[in-house]
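Notes for the structure review
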Amino acid sequence: MKTDGNKKIISLHLRTHAFCVKMDNGYKEKIDLTKLPRHIAIIMDGNGRWAQEKGEDRLYGHYHGVNSVRSVVEGASELGIGYLTLYAFSTENWDRPMEEVTGLMELLVQTIRKEVPQLNKDNVRLKVIGDLSMLPPEAQREMNEALKETENNTGLTLVLALSYSSRWELEKAVQNIAMDIQNGKLNADDVNQSTLEKYLSTVDIPDPELMIRTGGEHRVSNFLLYQLAYTELYFTNDKWPDFDKEKLFKAVWEYQNRERRFGKTGEQIRNK
Ligand code: FPP
């Protein structure tokens with residue numbers, strides 16, 4: 001990052017925040033609070049390109065991405081959303097240049113350390129899905145502390161997908177099921193979808209009704225593949241650092257204007 005990066009980040013954060021406060025009056029009013037998605041999942045894409053467009057290095061984009069995280073967590077809490085899952089670091093992201101990986105891990109530790117008091121004020125409970133054992137020891141420690149410090153909160157559950165990928169999760173689930181069958185804890189004939197769901201890292205978390213991907217790409221990138229079976233997908237060209245709660249409200253409003261059929265006909269759904 002450039003040497004005056006921190007100053008720029010602070011001033012930009014203040015400006016972004018003021019802007020969010022001013023803009024927070026459009027789509028929110030249009031949202032039907034009785035038909036909210038219980039769970040929204042987000043692929044936060046576009047940080048690197050956002051930074052590079054500004055002649056900065058990729059980490060600059062990740063730093064700005066934290067403002068968007070703060071804004072959407074605030075927005076989801078304001079609406080009364082139950083679960084918000086953010087794809088913060090995928091299994092595949094370990095293959096990025098070492099400098100970026102190290103920078104992202106440092107950012108994660110800093111952010112968690114700094115934001116936990118606010119999460120507690122906002123009654124937000126933190127959860128993590130993914131292979132935490134892959135994270136550097138300091139990040140593991142920080143995450144575990146944050147999980148403990150927020151475990152009794154009863155508002156929004158913020159799920160961070162860290163060192164997560166769906167194929168990793170399914171592989172683990174199948175291994176654990178096989179082990180439990182071998183140990184006599186489970187009968188192979190009894191294995192069904194509901195058994196499998198108990199072995200996924202999202203056990204006790206409802207499937208997302210809405211999945212948002214920023215950054216202009218139209219794919220799901222190994223994210224919650226099982227859980228997204230009937231999820232409404234929302235793609236936006238906004239790069240993650242340009243996304244905020246007002247844009248989240250717009251996505252929720254658009255979700256509410258879709259017809260969810262779950263394999264049935266439109267007539268069946270409307271005559272219910
Ligand atoms: C994808 O953009 C983004 C990431 C891999 C990291 C997301 C991390 C943050 C938003 C900051 C930390 C988050 C938390 C929850 C503390 P990309 O780098 O793939 O962008 P590109 O497609 O433009 O290259």
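That block above? That's the structure.
These remarks concern the structure in this document. A quick note: this is a predicted structure, and the numbers were derived from the prediction, not measured.

Comments concerning the environment of D244
- Turning to its location among the elements, D244 is positioned in the loop between β6 (232-235) and α8 (245-256).
- Residue class for D244 comes out buried when judged on its relative accessible area of 9%.
- As a C-alpha pair, D244 and G55 span 189 residues in sequence and 22 Å in three-dimensional space.
- A distance of 3.1 Å separates a polar side-chain atom of D244 from the backbone nitrogen of E246.

Here's the deal with unusual backbone geometry
- The phi torsion at S221 lies on the positive side, around 45°, for a residue other than glycine.
- If you trace the backbone, S221 turns up in the loop between β5 (210-213) and β6.

Considerations on the site of the ligand
- Neighbouring residues of the ligand: 18 residues in total, closest M44, D45, R49, R58 and R96.
- Separating an oxygen atom of the ligand from a backbone N or O atom of N47 is a distance of 3.2 Å.
- For the ligand, an oxygen atom lies 2.8 Å from a polar atom in the side chain of R58.
- In the complex, 92% of the free accessible area of the ligand, which totals 620 Å², lies under the protein chains.

Details of the pairing of strand β1 (residues 39-43)
- Burial of β1 is extensive: five of the five residues sit out of reach of the surface.
- Residues H39, A41 and I43 of β1 are buried on one face, and the alternating residues I40 and I42, pointing to the opposite face, are buried as well.
- In the sheet, β1 pairs with strand β2 (residues 83-90) via five bridges, with the strands oriented parallel. From the neighbouring strand, I40 faces β2, where its bridge partner is L84.
- For β1 and β5, the ladder comprises four bridges, and the chain directions are parallel. Bridging from a neighbouring strand, I42 pairs with I212 of β5.

Definitions and cut-offs
Residues numbered from 1 in each chain as written. Predicted model: local features only at pLDDT ≥ 70, side-chain atom pairs only at ≥ 80, totals over all residues. Heavy atoms only, no water. Helix = DSSP H or I, 4+ residues; strand = E, 2+ residues; numbered from the N terminus. Buried < 20%, exposed > 50% of the residue type's maximum accessible area, 1.4 Å probe, protein only. Polar contact = N/O pair within 3.5 Å; in protein donor to acceptor, adjacent residues only side chain to side chain. Near = heavy atom within 4 Å. Areas by Shrake-Rupley, 256 points an atom, 1.4 Å probe, with all protein chains shown as cover. Pairing = 2+ DSSP bridges.

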